[in-house]
Amino acid sequence: MQHFLCFPAVMPRPIQALIHTDALTHNLQRCRQAAGESKVWAVVKANAYGHGIERAYEGLRGADGFALLDLAEAERIRALGWRGPILLLEGVFDPRDLELCSRLGLWHTIHSDEQLDMLAGHKTLQPHKVFLKLNSGMQRLGFAPERLRAAYARLQALPQVDDIGLMTHFATADVAVPGLDAAWQVFQTATAELPGERSVCNSAALLRHPQLAEQTDWVRPGIALYGSSPDFPEYGIAHWDLQPTMSLRSELISVRELQPGDSVGYGAIFTAERPMRIGVVACGYADGYPRVAPTGTPVLVAGHRSRTLGRVSMDMLAVDLSTESTGIPADLDVGVGTEVTLWGRSSCGKVLPIDEVAASAGTLGYELMCALAQRVPVEVTE
Ligand SMILES: *Cc1c(COP(=O)(O)O)cnc(C)c1O
């Protein structure tokens, strides 16, 4: 007879990220609304902006297609059972990638002569659907306007191709400058009378210029699906009616009283001027929280707004618990184990937009969600 020793399950640190399926669905619906009759590619590059493709899939499967740039991620979407369109936003990087495109039925962008050459040398029984990309001013990928027609003609002559769409990516869709109108004009002129579906809108263009969505066939929202505003701080998620899809939550693991002159954390860069209570949170830059976030970066303590204090360290950061300088009510019972929301939604439903934390750290919601660290346990919820 065998005897098993039963150890208690190992409790992880009290930090967790939640992926909100309902919020993904809501945001997709918002993008659909803005898109009118246009079809929607859900952009899921960078592992669904750090959410995890498999975790985000349920919330986004109502899209008309998925757009991304990593072939391994395209394989993962097919493995989830998705049979609809998948678009490689940067096309292929190597001739061998075309095998996978044939096998998985991937649509791919053609942005260069090199990619045209690769396709011309590719043997396939299944002709490909491609999107020919125009450089409308971003100066990263795409054919110059005066070279677009020649590329189009070359694609048309290839037996490897049976459908050609036309796309571009705007450099300035998120800010109020005349650049977007100019880029749209460049696209209109360069593609005039060429047959094929059109796609130009990222989240910012879609929400700010829905008339462009109406004039094209596919839109490509990414960040808006994940509940971050594409044009913060001009507009926040409340304005665009978007909901946070990722919440980073942890707990207080220590509470202490500071005396005037006491400093907090590495470098002693925050010093108390009066007696105050602070809490230490189990979250640091090794969890993906930005180390550069300065004193004053917003957090929610039990759903009430507070602020970080001092330097963010690898595994911990400090928050203000004093009622004088935060929104924490005096009669609230705050102690070890109290929930702290670093961004997203608290368990009682209060929202701290990731954009506010990002802005305080001098970056964007995009970067924070993509940087969520591997060591943070992730749970998919409603
Ligand atoms: C990332 C990307 C998008 C989505 O951009 P968001 O700003 O996240 O909406 C759309 N199109 C292309 C080509 C992209 O690379």
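What counts, and where the lines are drawn
Residues numbered from 1 in each chain as written. Predicted model: local features only at pLDDT ≥ 70, side-chain atom pairs only at ≥ 80, totals over all residues. Heavy atoms only, no water. UniProt positions renumbered as here; feature names shortened; annotations may be inferred. Helix = DSSP H or I, 4+ residues; strand = E, 2+ residues; numbered from the N terminus. Contact = heavy atoms within 4.5 Å. Buried < 20%, exposed > 50% of the residue type's maximum accessible area, 1.4 Å probe, protein only. Polar contact = N/O pair within 3.5 Å; in protein donor to acceptor, adjacent residues only side chain to side chain. Near = heavy atom within 4 Å. Areas by Shrake-Rupley, 256 points an atom, 1.4 Å probe, with all protein chains shown as cover. Nonpolar A, V, L, I, M, F, W, Y, C, P; charged D, E, K, R; others polar. Arc of directions from axis to C-beta. Domains from an automatic or database assignment. Buried area = accessible area lost by both parts, 1.4 Å probe.

The chain goes by Alanine racemase in an unreviewed UniProt entry, where it is assigned to Brachymonas denitrificans DSM 15123. Under the UniProt heading Sequence similarities (unreviewed entry), the entry covering the chain gives this text: "Belongs to the alanine racemase family." Note on the chain: under the UniProt heading Cofactor (unreviewed entry), the record states "pyridoxal 5'-phosphate".

> Please clarify how the UniProt feature "modified residue: N6-(pyridoxal phosphate)lysine" (unreviewed entry) in the chain should be interpreted in this entry.
Here the UniProt-annotated "modified residue: N6-(pyridoxal phosphate)lysine" (unreviewed entry) positions come out as Lys45. Within the secondary structure, Lys45 is located in helix α2 (residues 45–49). Here Lys45 is in contact with Ala67, Leu68, Leu69, Glu73 and Leu89, once residues within four sequence places are set aside.

> It is not clear to me how the UniProt feature "binding site: substrate" (unreviewed entry) in the chain should be interpreted in this structure. Could you clarify?
Residues given the UniProt feature "binding site: substrate" (unreviewed entry) here are Arg140 and Met314. Separation in sequence by 175 residues is matched in space for these annotated residues, since their most distant C-alpha atoms are 35.0 Å apart. Tracing the backbone shows Arg140 in the loop between β6 (128–134) and α7 (148–156). Relative to the assigned elements, Met314 resides in the loop between β15 (304–309) and β16 (317–320). The residues contacting Met314, other than those within four sequence positions of it, are Gly284, Tyr285, Ala286, Asp287 and Arg375.

> Explanation requested: the side chain of Ser112 in the structure shown.
Mapped onto the secondary structure, Ser112 falls in the loop between β5 (107–110) and α6 (113–120). Since its relative accessible area comes to 13%, Ser112 is described here as buried. A distance of 3.1 Å separates a polar atom in the side chain of Ser112 from the backbone nitrogen of Gln115.

> Would you mind going over the site of the ligand with me for this structure?
In the region of the ligand, the neighbouring residues are Val43, Lys45, Tyr49, Leu89, His169, Asn202, Ser203, Arg220, Pro221, Gly222, Ile223 and Tyr366. Between His169 and the ligand, the recorded distance is 3.4 Å, taken from a side-chain N or O atom to a nitrogen atom. Between the ligand and the protein, one listed contact pairs an oxygen atom with a backbone N or O atom of Gly222 at 2.9 Å. Alone, the ligand offers 380 Å² of accessible surface; in the complex the protein occludes 93% of this. Residues that form the shell around the ligand fall into these classes: six nonpolar, four polar and two charged.

> Is there a simple way to think about helix α4 (residues 71–79) in this case?
Three or four residues apart is the spacing at which side chains of an α-helix point the same way, because the helix has 3.6 residues per turn. For α4, the complete set of buried residues consists of Leu71, Glu73, Ala74, Ile77 and Arg78. Across the axial projection of α4, the buried residues extend over an arc of 155°, all falling on one side. Taken together, the buried residues of α4 touch α2, α3 (53–60), β3 (65–68), β4 (86–88) and α5 (97–104). Two to three positions downstream of the cap, the backbone nitrogen of Ala72 sits 2.8 Å from a side-chain oxygen, assigning the N-cap of α4 to Asp70.

> Quick question: what am I supposed to make of α5 here?
Summarising burial for α5: six of the eight residues are buried, a large majority. Those residues of α5 lying buried are Asp97, Leu98, Leu100, Cys101, Ser102 and Leu104. Residues of α5 that are buried make contact with α4, β4, β5, α6 and β6. Positive backbone phi, at 65°, marks Gly105, one or two positions downstream of α5.

> Help me out: how do you make sense of the domain arrangement of the chain in this one?
Accessible area lost upon the coming together of the parts serves often as the stated size of an interface. For the chain, the assigned domains read domain 1 (21–233) and domain 2 (246–381). Taking the mean C-alpha position of each, domain 1 and domain 2 sit 37 Å from one another. Each side of the interface is counted separately: domain 1 has 13 residues, and domain 2 has 14 residues. Contact between domain 1 and domain 2 buries roughly 1,200 Å² in total, counting both sides, with carbon and sulfur atoms accounting for 65%. When residues of domain 1 are sorted by the area they lose upon contact with domain 2, Tyr49, Arg55 and Phe232 head the list and together hold 40% of the total.

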